[in-house]
Every structure is written in structure tokens, then in C-alpha cells.
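For reference, the chains in residue letters:
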Amino acid sequence: MAVVLVFLALAALAEALSGPRCVVQSARDLGTALGSSACLTVVAQDFRLPLMDAALLDTPQLCAATNLVFSGVAIAEVALPRLVRALKRCQLLQSLTCWQNDLEGEEAAAAIMELAAALPSLHTLHIADNSLRDSGATAIAAGLARTTVARLVLADTDIGSLGAATLAAALNGSALRELEYSGNEGDLDANRFGIFGAQGFASALPTSSLEQLVLSGLAIGPDELEVLASGLSRESPLKRISLHGNAINDEGFRSLAGALARRSPLQLLVLTENALTTRSQALVKEMRTRGVIVDVDHRVMGHDESAELADSPSGSSTGPRDATIHTEL
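When the charged atoms of two side chains with opposite charge come close together, those side chains can pair. Counted by the stated rule, this structure contains six salt bridges. With its nearest N and O atoms 3.5 Å apart, the salt bridge here joins Glu 178 to Arg 151. Here Glu 178, found in strand S9 (residues 178-182), pairs with Arg 151, found in strand S8 (residues 151-155); they are 27 residues apart in sequence, far enough to count as distant. Assessed through its relative accessible area of 3%, Arg 151 is described here as buried. Here Arg 299 makes a salt bridge to Asp 297, at a shortest N to O gap of 3.2 Å. Residue classification places Asp 297 among the buried positions, given a relative accessible area of 11%.

What follows concerns the packing of aromatic side chains. This structure, assessed with the given rule, holds two aromatic pairs. Ring centres of Tyr 181 and Phe 193 lie 6.1 Å apart, and the angle between their planes is 45°; on these two criteria the pair is classed as tilted. Highlighted residues: Tyr 181 in strand S9 and Phe 193 in the loop between S9 and helix H8 (194-204), separated in sequence by twelve residues. A relative accessible area of 1% places Tyr 181 in the buried class. For Phe 193, a relative accessible area of 0% corresponds to the buried category. Seen from their ring centres, Phe 193 and Phe 201 are 5.6 Å apart, and the 45° between their planes marks the pair as tilted. Residue Phe 201 is classed as buried on the basis of its relative accessible area of 0%. Following the ring pairs from residue to residue traces out a cluster consisting of Tyr 181, Phe 193 and Phe 201.

Here we come to the state of the cysteines. With the rule as written, the count across this model stands at two disulfides. A disulfide bridge connects Cys 22 with Cys 39, and the sulfur atoms are separated by 1.8 Å. One disulfide, between Cys 22 and Cys 39, carries an S-S torsion of -80° and so falls in the left-handed class. Of the two residues, Cys 22 is situated in strand S1 (residues 21-24) and Cys 39 in the loop between helix H2 (27-34) and strand S2 (41-45); the sequence distance between them amounts to 17 residues. With a relative accessible area of 4%, Cys 39 lands in the buried category. Taken N- to C-terminal, the disulfide-bonded cysteines of the chain are connected 1-2, 3-4.

Attention shifts here to the packing of helix H5 (residues 105-117) against helix H6 (residues 133-144). Packing of H5 against H6 brings their axes to within 7 Å, and their N-to-C directions diverge by 25°. Comparing the axis directions of H5 and H6 gives the class roughly parallel. In the crossing of H5 with H6, the sense of the turn from one axis to the other is right-handed. Mapping the contact onto sequence places Gly 105, Glu 106, Ala 109, Ala 110 and Met 113 in H5 and Arg 133, Ser 135, Gly 136, Ala 139, Ile 140, Gly 143 and Leu 144 in H6. When the residues that make up the contact of H5 with H6 are grouped by side-chain class, the tally is six nonpolar, four polar and two charged.

Conventions and cut-offs
Residues numbered from 1 in each chain as written. Predicted model: local features only at pLDDT ≥ 70, side-chain atom pairs only at ≥ 80, totals over all residues. Heavy atoms only, no water. Salt bridge = Lys/Arg side-chain N within 4 Å of Asp/Glu carboxyl O. Helix = DSSP H or I, 4+ residues; strand = E, 2+ residues; numbered from the N terminus. Buried < 20%, exposed > 50% of the residue type's maximum accessible area, 1.4 Å probe, protein only. Phe/Tyr/Trp six-rings, centres within 6.5 Å; stacked < 30°, edge-to-face > 60°. Disulfide = S-S within 2.5 Å. Axes fitted to C-alpha atoms, helices over the stretch in contact; angles between N-to-C directions. Parallel < 35°, antiparallel > 145°, perpendicular 65-115°, else oblique. Left-handed = near helix turned anticlockwise from the far one by under 90°. Contact = heavy atoms within 4.5 Å. Nonpolar A, V, L, I, M, F, W, Y, C, P; charged D, E, K, R; others polar.

Have a look at this one:
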């Protein structure tokens, strides 16, 4: 069974590239695309945006774009305020992706949230491979309540334990329904969720409006999971959880399963790329009999996992799970 986060990335890409799109590779072309009614999706990729070029984005035409992607566009710190001012014209924007843009720290995050607050239709905000750190997480948390963002993706942003706790505290009062907070699985020490992060989310989740939560590649182990499970045990709108790529072992899974048994069943629990062994087979089967689609590595079940899913109440390995993945988990 394919790892669910691969589908998440593909779904996000499909969303960003839907409708008539314009791919641009210079500030001048970006300014033209933002002023064109023919460009509903604008993909800016692989160029530098210094302050002197940011002036090229000032056009009088109304921006018609609904999806905007900055991929590999190196945005100079001094150019960011000018870019934000230009993008505030995009009042129909629904999705904004910033990937590999040399954006760092609190000021960059605050500028992005200033933009998000000025866009009344913005549903999805995706920030990846930008070193926002804990100070950036503070700025994002401070600005969330002023936005309409329902789906927030923070991937490889160097946000640590304190930043995670700050983000968690901002869940209540925000419009968020889906949150993906993920680190670099190849460098878990640099992306630790930590006890502070676990405590923050355990406290916030029961009263938040989140329906979908991804905590991936954050070195979540038994200690963090035990704390997090205390919040997951309480009733909430949460239906889908991915803990892919952490350090969860059989003991941690037992703790988590016990907590989840005290609330209404989830639709989906993803535990791929963790430290589970065949000793968790019985627990996976038990959760599946309760209607929870549990996604684990093949080695955990000891044979082809599709056979186990075929025996589960869901009836197949593709139907219900594909519908869930379609909602971007």
C-alpha cells in the first residue's frame, strides 16, 4: 500500500495546477500573469526576486488567480514586503504555496500571514523548505485567527518543540480543519516535536475544530506519544491522523490504541515508517474490526497487508481509504 503522504503531495500539486495555468520564470512574466484573466493558476519557478525586480509586479489590473505557487523562487528579504503588497490584489486566491524561497524567521512568517489575512478566499497555505524556526511559528500562530485558512501545511520549516506548542495553542479560534506539520525524516534531531509540542497538542486538540492532523518526521517516540495520547483520548472532530515517519514502537502504539479506544473511532490512522514490529499485528487487527483503517508497513503484518484490509469492515484496500486521501491526508 502506497504511503499516504505521497498521495498528499500529489493531491496538493493537482490542486495547485487545476484550471488554466501560467508558468513563469521571471519577475516581469509574473507581473504579467498576475494581471491576466487567463491565468487562474500561476506557477512561478526557479528565479531570483531582488528588490529592484519586485517593482515589476505592480500592475493596475485585478489579479484573477485562484492558485499561486512559488517554487524555487529566491525571494530577497527586502523584496518580500513589495511582493506581499502586489499579491494583496489577488482577492480570489484560494491556495498559496511557498516552497524553497529563502524565507527565514519571524519577519518572513509575519509577512506571509499579513498577506493571508488580506485574502478573503484563501483556503490552503502551504509553506515548505523555508527555515521559519520557532520564531516563525509564533508569527504564524499570532496571525491564524485573522485568516480564513482551513488547511495549513508546514513542511521542513525547522519548527521545533516550542514552536509546535505555540502552533497548537493557536488552533482554537482559527478556521483550521487540516494541519500538516512535518519535519525532515532524514534529520530527526533537527525537527523534534518534543514533550512541549506533545503537551501543547494534547491540550488543544479536544477543543479544536481539526478533522485531519499530520505529524510526520518529527521524532515522536513513546514519551511524546504517551502525552499526546491523553488529548487524543477525548472526543473531538478529529477523524484522520498520520504519524508517519516517527519513532513509535510497539509499546507506544499500545498506549495510543488504548487512548483512541476511549473515543469515537477514527476513519484513518497512518503509522508507516515507524518502529513497529509483528508484535503489533493483533492490535492492528483489533482496531480494524472497529472500523479504523490502520495503515502500517508490510513487515508489521508479516505478509501482504491487502489481505488484512480485505478482511476488515471497510471491505477493500482502496475504497474508503482513497476517499480519505482525496481530502488531502
